[in-house]
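Residue-level structural notes
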Amino acid sequence: MLRLMTETPWAWALEARGAVEELLIDHAHCEKKAASTAVTLLFKYPERLHMLQPLSALAREELAHFELVLEHLARRGLSYRRLTPSPYAGRLLAAARREEPHLLLDTLLCCALIEARSCERMTLLAEVFAGVDDELARLYRGLLASEARHHATYVDLALEGFEEAAVRARLAELARREGEVLSAPRGPLRMHS
């Protein structure tokens with residue numbers, strides 16, 4: 001269960017189908033950022049032994065996905081480049097409490113929601129590209145299990161380090177915030193826009 005409070009409208013998927021270059025470039029950036037976030041948590045919380053192996057594995061898998069998306073760009077003759085990032089993650093993470101241990105809990109749960117949204121959007125992308133661009137449909141279908149597992153990893157890490165009732169309550173609060181962030185006016189198409 002992805003624990004999202006809102007659904008992405010089909011119109012987003014249709015827009016993505018018409019903006020493949022930006023979609024793939026932004027997707028590559030998202031995978032790279034996800035790897036970086038996992039590694040940052042490894043460095044920031046070395047005393048949280050239960051988090052070390054799962055975050056290390058998650059970072060490696062995110063980097064493998066980054067490389068996979070780069071391969072798809074290259075096959076299409078598209079170049080990886082800088083893009084203006086979506087404010088989505090920053091706006092969501094702004095809701096995190098700043099004092100420890102609440103900061104760690106909120107960061108883990110925000111990461112879980114970002115992964116959940118990625119999974120939900122990749123489901124739509126697999127559908128919208130089916131029969132139109134089967135290579136991209138396969139790419140997004142192939143990533144679904146990993147994205148769902150990453151979501152679960154972050155929730156499980158929170159549950160291992162904090163009381164279940166506190167985790168569930170805070171996850172619901174942050175999921176509402178995530179829905180609000182997505183409803184804000186947005187700029188160009190992004191994986192999380």
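See above for the structure.
Presented here is an overview of the structure given in this document.

With respect to the helices and strands, Glu-115 occurs in helix H5 (residues 102-129). Of the side chains bearing the opposite charge, Arg-149 lies closest to the buried Glu-115, which forms no salt bridge; the N-O distance is 9.4 Å. Residues contacting Glu-115, with those up to four places away along its chain left out, are Ala-34, Glu-62, Glu-147, His-150, His-151 and Tyr-154.

Moving on to unusual backbone geometry. Here the amide bond leading from Glu-100 into Pro-101 is cis, since omega sits at 5°, within 30 degrees of zero. For Pro-101, the position within the fold is in the loop between helix H4 (88-93) and H5.

At a minimum axis distance of 12 Å, the contact between helix H2 (residues 20-44) and H5 shows a crossing angle of 155°. Between H2 and H5, the interaxial angle falls into the category roughly antiparallel. As for the relative orientation of H2 and H5, their crossing is left-handed in sense. Of the residues in H5, those in contact with Val-20, Leu-23, His-27, Glu-31, Ala-34, Thr-37, Leu-41 and Lys-44 of H2 are Leu-103, Thr-107, Leu-108, Cys-111, Glu-115, Met-122, Leu-125 and Phe-129. The residue makeup of the contact of H2 with H5, split by class, is 10 nonpolar, 3 polar and 3 charged.

Between its terminal C-alpha atoms H5 stretches 40 Å, which fits the 40 Å expected from 28 residues at 1.5 Å a residue. Most of H5 is tucked away: 25 of the 28 residues are buried. Immediately downstream of H5, the backbone of Gly-131 shows phi near 80°, a positive value.

Now for the packing of aromatic side chains. Each pair of aromatic rings is reported with the distance of its centres and the angle of its planes. The final tally for this structure, using the stated rule, is 2 aromatic pairs. With a centroid separation of 6.5 Å and 15° between ring planes, the pair formed by Phe-129 and Tyr-140 is classed as stacked. With Phe-129 in helix H5 and Tyr-140 in helix H6 (residues 134-161), this pair connects stretches of sequence that are 11 residues apart. When sorted by exposure, Phe-129 lands in the same class as Tyr-140, which is buried. Its guanidinium or amino end placed over the ring of Trp-12, Arg-121 lies 4.4 Å from that ring's centre, counting from NZ or CZ.

What counts, and where the lines are drawn
- Residues numbered from 1 in each chain as written.
- Predicted model: local features only at pLDDT ≥ 70, side-chain atom pairs only at ≥ 80, totals over all residues.
- Heavy atoms only, no water.
- Helix = DSSP H or I, 4+ residues; strand = E, 2+ residues; numbered from the N terminus.
- Buried < 20%, exposed > 50% of the residue type's maximum accessible area, 1.4 Å probe, protein only.
- Lys, Arg positive; Asp, Glu negative; His and termini not counted.
- Salt bridge = Lys/Arg side-chain N within 4 Å of Asp/Glu carboxyl O.
- Contact = heavy atoms within 4.5 Å.
- Axes fitted to C-alpha atoms, helices over the stretch in contact; angles between N-to-C directions.
- Parallel < 35°, antiparallel > 145°, perpendicular 65-115°, else oblique.
- Left-handed = near helix turned anticlockwise from the far one by under 90°.
- Nonpolar A, V, L, I, M, F, W, Y, C, P; charged D, E, K, R; others polar.
- Expected span 1.5 Å × (residues − 1).
- Phe/Tyr/Trp six-rings, centres within 6.5 Å; stacked < 30°, edge-to-face > 60°.
- Lys NZ or Arg CZ within 6 Å of the ring centre and 35° of its normal.

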